[in-house]
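Close look at the chain arrangement
Read off the chains here:
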Amino acid sequence: MVERRAEHAVKFFYSHLFWHNPGIRALFPPAAEDMERQRDRLFAALTHVIAHLEDDTLLPYLHELGRDHRKFLAGPEHYAAVGTSLLAALAETSGDAWNPDVEKAWAEAYQVIADAMTAGAAASEDPPWWDAEVVRHLQYGQDIAVLTLRPHLPLPHLPGQYVSVSSERVPTTWRTYSIGNAPRPDHTVDLHVSRIERGRLSTALVQDVRPGEVLRLGAPGGRLTLRREGRPLSFIAAGTGWAPVRAMLEELAEHPPDQDVRLFVAARDAAHLYDRPFIDAYARGGALAVTYITPAPGQHRNQATDRLATALSNRGMWPDQDVYLSGPAQFIEETAHLLEELGARPDRIFYDSVPAAGRGEGPGGRPLGFGEWFLNRPAPHWHNPSGRAPRTR
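Description of the structure in this document. (Residues numbered from 1 in each chain as written. Predicted model: local features only at pLDDT ≥ 70, side-chain atom pairs only at ≥ 80, totals over all residues. Heavy atoms only, no water.)

1. Description of the nonpolar core
Counting 29 residues, the largest nonpolar core has Tyr 14, Leu 17 and Leu 62 as the members making the most contacts within it. Every element with two or more residues in this core is listed here: helix H1 (6-20), helix H2 (32-51), helix H3 (58-68), helix H4 (76-94) and helix H5 (100-123). (Core = buried A, V, L, I, M, F, W, Y, C linked by side-chain atoms within 4.5 Å. Buried < 20%, exposed > 50% of the residue type's maximum accessible area, 1.4 Å probe, protein only. Helix = DSSP H or I, 4+ residues; strand = E, 2+ residues; numbered from the N terminus.)

In C-alpha cells:
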C-alpha cells in the first residue's frame, strides 16, 4: 500500500523530518534535483531492507551502510529523528491499514536497522572519509573522464569495489564511482566517471575538476570482487562499468589463473571504447580472449545489446563459468536474465547493481508487485527523478 504512494510517503517523510529537525536540512543537498534523487534512494533502500529482513546478507549490508553514513556526520540523534519521521510517513500513507500491531512491527523493524547501522559505524576503525588530491585528469570526448587521485591516507580497497565521491563544487552531494585499478604501492586510485544528463557532480568531475583539487572519498564498498574457485572466468562490461573489471583484470595479471578468462566489452559506439589500448595489450599476452560489442555504423546503440546476446549465446559452457557483470542497471538485469537462460548458475553471476526506473507495469502488463512499483515506477507528474539506490547481489 505504501509503495503505490511512494512519492507521497517520501515527500511527507522529508517534510516531517526537516520541520521537526531544521538543523538536519543542512546535511542534505540544497539543489531540488539532488533531493529528488535522495528521495528515490531512501525508499529503494528501505524496500531492499524490508524485503531482506530475514536474510543472512542483511546485517553485513546494514553494517556497511552505517559505516558509510559516517561521511554524512550521522549520529544517534539523527537515527532517532529519522525513525520518528519514518513512522509518521508510513502512518500517513497507510490510512486505515495503520493500526497498533502494524506500528509495533515497523518500530521493531526500524530499531533493527538503526541498531545494525550504529554498530557498523562504531566498529569501523576507518576515517569517515578520505581527502584525496586529483593528480591527473584524462577526458575522453565530452562525457567520460578518468581521474587519478592520491588519498592523503592510504585507502584500503579490493579490486572491483567502488567509493562514494564528493566535491566542494557540488556541496553535500555524494555519488558512487568504481575504482578502476588494483591497489598500487603509491596508493593512488583511478575513478572512471561518465557524465549523465542533469548530473551536477558527474558534469563537474568530467568537465571542470582539475589537478590539485581535493575530493572526498567514502569507505570502499561493494561485493564485485574476485572469487578464486578454480572455474573459468567471464567478464561482461558496458560503459564505465569497465572500471571494476579493469581492476580485477589487473589483479589477475599479477596472479594469473590456470583457467580460461574471457572478456566482453559493450559500448554505444567505437569512441566509447576509451580504454582499448590497455585491453589489447593484455590480450596480446595470450591470457585473455576479448570480444568487442558495438552497433554497426549508423545503427542505434541498442543494437550493441542484440550483438552481445548473440555473442553470449555462441560462447557456451555457461554452467561452468564464474561471471562478473558491470554496467548500467538495465544492462545488468537483462544480461543476467539471458545468462540464466543460457544455463549460467545464478549463484555464480556476480554484480553490484542499481535499479532503473521503468514504465509502471510488471512482466506481462500485470500490476506491480512488492518492491516493483518504486523500482520500476511510472514517471511522476511533479518531477522526473534519475537517482538510484544501491542493490547488491
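The structure having been displayed, the exposition proceeds.
2. Focus: the environment of Ala 283
Note that Ala 283 resides in helix H8 (residues 276-284). The partly exposed category is assigned to Ala 283, whose relative accessible area is 23%. Each C-alpha atom of the pair Ala 283 and Arg 262 lies 9.6 Å from the other, and the pair is 21 residues apart in sequence. When near neighbours in sequence (up to four residues on either side) are disregarded, Ala 283 contacts Leu 288 and Val 290. (Contact = heavy atoms within 4.5 Å.)

3. Details of the sheet that holds strand S11 (residues 349-350)
Within the open sheet, the 5 strands sit side by side as S9-S8-S7-S10-S11. Their pairing is parallel. Edge positions in the sheet fall to strand S9 (289-293) and S11, since each of these pairs with one other strand and no more. Two elements, strand S7 (residues 233-238) and strand S8 (residues 261-266), share 6 bridges in a ladder whose sense is parallel. Considered in S8, the bridge of Ala 238 is made with Ala 266. On the sheet, helix H7 (residues 242-254) packs against S7, S8 and strand S10 (322-326) and is oriented at approximately 150 degrees with respect to S7. Where helix H10 (residues 329-341) meets the sheet, its contacts fall on S7, S8, S10 and S11, and the angle it forms with S10 comes to roughly 160 degrees. (Pairing = 2+ DSSP bridges. Axes fitted to C-alpha atoms, helices over the stretch in contact; angles between N-to-C directions.)

4. What to know about H4
The end-to-end C-alpha distance of H4 is 27 Å, a good match for the 27 Å that 19 residues give at a rise of 1.5 Å each. Within H4, the full set of buried residues consists of His 78, Tyr 79, Ala 81, Gly 83, Ser 85, Leu 86, Leu 87, Ala 89, Leu 90, Thr 93 and Ser 94. In the stretch just after H4, Gly 95 is the one whose phi turns positive, near 60 degrees. (Expected span 1.5 Å × (residues − 1).)

5. A short note on the packing of aromatic side chains
A full pass over the atoms with the stated rule returns 9 aromatic pairs. Here the aromatic rings of Tyr 14 and Phe 18 are separated by 5.7 Å at their centres, their planes lie at 40 degrees, and the arrangement is tilted. In this pair, Tyr 14 and Phe 18 both sit in helix H1, 4 residues apart, roughly one turn of the helix. An angle of 45 degrees between the planes, with centres 5.4 Å apart, marks the rings of Tyr 140 and Tyr 274 as tilted. (Phe/Tyr/Trp six-rings, centres within 6.5 Å; stacked < 30°, edge-to-face > 60°.)

6. As for the pairing of S8
Of all 6 residues that make up S8, 5 are buried, and the element is covered over most of its length. For the handedness criterion, the β-α-β arrangement of S7, H7 and S8 is classed as right-handed. Note: S8 against S9, 5 bridges, orientation parallel. Looking across to S9, one finds that Phe 264 is bridged to Thr 291. Viewed along the sheet, the connection from S8 through H8 into S9 turns out right-handed. (Right-handed = clockwise from strand over helix to strand, strands pointing away.)

7. What about the pattern of salt bridges?
Should their charged atoms come close, side chains of opposite charge can pair. Here the structure, examined in full by the defined rule, presents 12 salt bridges. Salt-bridge contacts for Asp 143 lead to Arg 195; the nearest nitrogen and oxygen are separated by 3.1 Å. With a gap of 52 residues between them, Asp 143 in the loop between strand S1 (130-140) and strand S2 (144-151) and Arg 195 in the loop between strand S5 (189-194) and helix H6 (200-208) connect regions that are remote in the sequence. On the basis of relative accessible area, Arg 195 is assigned to the partly exposed category, the value being 29%. Across the pair Arg 231 and Asp 322 runs a salt bridge whose closest N-O atoms are separated by 2.8 Å. (Salt bridge = Lys/Arg side-chain N within 4 Å of Asp/Glu carboxyl O.)

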